[in-house]
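# Structural overview for review
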Amino acid sequence: MEDLTKAELARYDRHLIMSEVGPEGQKKLKNASVLCVGAGGLGSPLALYLAAAGVGRIGIIDFDVVDESNLQRQIIHDTASVGTSKLASAKKRLNGLNPFVSIELHEMRLTSANAVELFKRYDVIADGTDNFATRYLVNDACVLTGRPNAYGSIFRFEGQLSVFGLKDGPCYRCLYPEPPPPGLVPSCSEAGVLGVLPGVIGTMQAIEALKLILGIGRPLSGRLMLYDALEQSWRTLKVKKNPACPVCSENPSIKAPIDYEAFCGLKEKPVSNPEISVQDLKSMLDKKEKFILLDVREPHEYEIAKIPGSTLIPLGKLPERFGELDKAAKLVVHCKMGGRSAKAVQFLREKGYDATNVAGGINAWSEAVDPSVPQY
Amino acid sequence: MSIEIRLPTALRAFADKQEKIIVNGNSVGDSLNELFTTHPRLRQQLMTADGKLRSFVNVYINEDDARDKQGMATPVKDGDTIIIVPAIAGGI
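Residues numbered from 1 in each chain as written. Chains lettered and ligands numbered in written order. Predicted model: local features only at pLDDT ≥ 70, side-chain atom pairs only at ≥ 80, totals over all residues.

### Remarks on the overall build of chain B
Along chain B, the regular secondary structure elements total three helices and five strands. Listing each helix as α and each strand as β along chain B from the N terminus yields β-α-β-α-α-β-β-β. Taking 92 residues into account, the globule formula puts the C-alpha radius of gyration at 12 Å, and chain B, at 12 Å, falls close to it. If one aligns the C-alpha atoms of chain B with their principal axes, the spans along those axes are about 40 × 30 × 25 Å. (Helix = DSSP H or I, 4+ residues; strand = E, 2+ residues; numbered from the N terminus. Rg over C-alpha atoms; globule rule 2.2 N^0.38 Å.)

### Here we look at the sheet that holds strand S3 (residues 57-61) of chain B
All names here are of chain B. Spatially, the five strands line up as an open sheet ordered S2-S1-S5-S3-S4, and their pairing is mixed. If you trace the sheet from one side to the other, it starts and ends with strand S2 (20-23) and strand S4 (64-65), each paired once. Pairing between S3 and strand S5 (residues 81-86): five bridges, direction antiparallel. Paired with valine 57 across the two strands is proline 86, which belongs to S5. Lying on the sheet, helix H2 (residues 28-38) is in contact with strand S1 (3-6), S2, S3 and S5; it crosses S2 at an angle near 115°. (Pairing = 2+ DSSP bridges. Contact = placed C-beta atoms within 7 Å. Axes fitted to C-alpha atoms, helices over the stretch in contact; angles between N-to-C directions.)

### Concerning the pairing of strand S4 (residues 124-127) of chain A
Every other side chain in a regular strand lies on the same face of the sheet, so the side chains alternate between the two faces. Residue and element names in this part refer to chain A. What you see with S4 is no split at all: Val124 and Ala126 on one side and Ile125 and Asp127 on the other are buried throughout. For strand S1 (residues 33-37) and S4, the ladder comprises four bridges, and the chain directions are parallel. The partner of cysteine 36 across the bridge, within S4, is alanine 126. Pairing of S4 with strand S5 (residues 149-155), which is carried by three bridges, proceeds in the parallel orientation. Within S5, the position partnered with alanine 126 by the bridge is alanine 150. Handedness of the β-α-β unit built from S4, helix H7 (residues 132-145) and S5 comes out right-handed. (Buried ≥ 20, exposed ≤ 12 C-beta atoms within 10 Å, placed from the backbone. Right-handed = clockwise from strand over helix to strand, strands pointing away.)

### What to know about the domain arrangement of chain A
Frequently, the measure chosen for interface size is the accessible area removed from exposure when the parts meet. Split by domain assignment, chain A resolves into domain 1 (32-263) and domain 2 (275-368). Put simply, the middle of domain 1 of chain A and the middle of domain 2 of chain A, counted by C-alpha atoms, are 34 Å apart. (Domains from an automatic or database assignment.)

### A word on the interface of chain B and chain A
Across the contact, 20 residues belong to chain B and 35 residues belong to chain A. When contributions to the side of chain B that touches chain A are tallied by element, the ones reaching two or more residues are helix H1 (9-12), S3, S4 and S5 of chain B. Tallied by class, residues from the side of chain B that touches chain A come to ten nonpolar, five polar and five charged. (Nonpolar A, V, L, I, M, F, W, Y, C, P; charged D, E, K, R; others polar.)

### Description of the environment of isoleucine 216 of chain A
With respect to the element layout, isoleucine 216 of chain A can be found in the loop between helix H10 (197-214) and strand S7 (223-228). Separated by 191 residues in sequence, isoleucine 216 of chain A and glycine 25 of chain A place their C-alpha atoms 9.4 Å apart.

### Examining the packing of helix H4 (residues 43-53) of chain A against H10 of chain A
All names here are of chain A. Look at H4 against H10: their axes get within 7 Å of each other, and the N-to-C directions meet at 40°. The angle between H4 and H10 falls in the class oblique. Of the two possible hands of crossing, H4 and H10 adopt the one that is right-handed. Contacts between H4 and H10 involve Gly43, Ser44, Pro45, Leu46, Tyr49, Leu50 and Ala53 from the former and Pro198, Gly199, Gly202, Thr203, Gln205, Ala206, Ala209 and Leu210 from the latter. (Parallel < 35°, antiparallel > 145°, perpendicular 65-115°, else oblique. Left-handed = near helix turned anticlockwise from the far one by under 90°.)

### Considering the nonpolar core
A general feature of soluble globular proteins is that nonpolar side chains tend to end up buried together. Residue and element names in this part refer to chain A. In terms of nonpolar packing, the biggest core is built from 93 residues, with Val34, Cys36, Ala47, Leu50, Ile58, Ala126 and Ala209 touching the most fellow members. Sorting elements by how many residues they give to this core places H7 first, with nine residues. Every residue in contact with alanine 126, bar those within four places of it in the chain, is listed here: Val34, Leu35, Cys36, Val37, Leu46, Ala150, Gln205 and Ala209. By size, the runner-up hydrophobic cluster in this structure holds 21 residues, among which are Leu294, Leu331, Val332 and Ala364. (Core = buried A, V, L, I, M, F, W, Y, C linked by C-beta atoms within 7 Å.)

Structure below.
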């Protein structure tokens, strides 16, 4: 193991004076590596604290660009980094915080083809992604490579925290064998998230990662912690290893990462449904063409911004309320950014409706057609 | 039997924004059925069409997963808390 330099001894003084860490523990941190999956809300405090604590090699995998709407919670980035790569922005900040640690950037999407090789290069994996497909991929690749997963996830005002994939401990599939079908659980971009929440959960992931490296305390394995910011409460639940788990049991059926996008139903359909631009929509409205403009967002979003003349049926209500729509009419469907409306179009077409999606949703409408409609 | 059912924030919209609902039941299944009687929209959120708990929703009795006990038949007693824990994936 590489020794600590004089400058490092000075920097990590508050660790060195605790017997649970001490110079030996700090050397362990220096010689350890953690892969942060995602440089967003959870990845921000996670990577910052790991770097500050002196974890010698920190990898980050992400392929996104910093957006203004990220800054409400993604504190590793700043206003000047809007429009630039999240990885470049994170590296700059982490190097500024601690020049003694090395930051490795993986600008790519985590896939079943690259996950195992990438994970093998790190001691601990910290999952801070934002979708079920990647979460199952991270879990399975952790089990397959024997790497522990410091897991955190967030939604609106709630967080979940655990450590999966320890020997004899459960994995994420023991807790949730299958992901929800697409469309049933909204993402943070659709449902919102309290900006401070990932600060709480990501920081706790960093604590678990440090404990795993140092071998101190009791890792959060076999336990799921639930955080409720509104109640300001924590609850600890037991998670047992599933003896029939498809990935971490003695006779697993999954022996290599599978095609998670298909598994989670996220794979794009080869035949795409009809789609128009917001400009097309504007010209249809101007020409007073006959059609129903269907908005599938939630009522509170409708209050913030709407396109005049639209009919509101939230996506989740469509299965029970689609009968209210005239089957002979042409339907033009929009949401905030085009994702939920694409699902609605797919659903309505299966029910025999002539439905068309509006690409980019009301945000694109505000951008390109009517700036008086607020973006959110 | 006074059983408290705790709902995650995502489901409170289907239960008049309440975070907890008190029911009277002798088992987990009983208690959930009473919940669905007063808040019918929760049934579709939590159960499949054939009456099974959805695979991404876990039900806990105090700190134990119902699956590790007797599932829906698990008996509950006065003062127990049933916690509904759906999978969440957000992170960015």
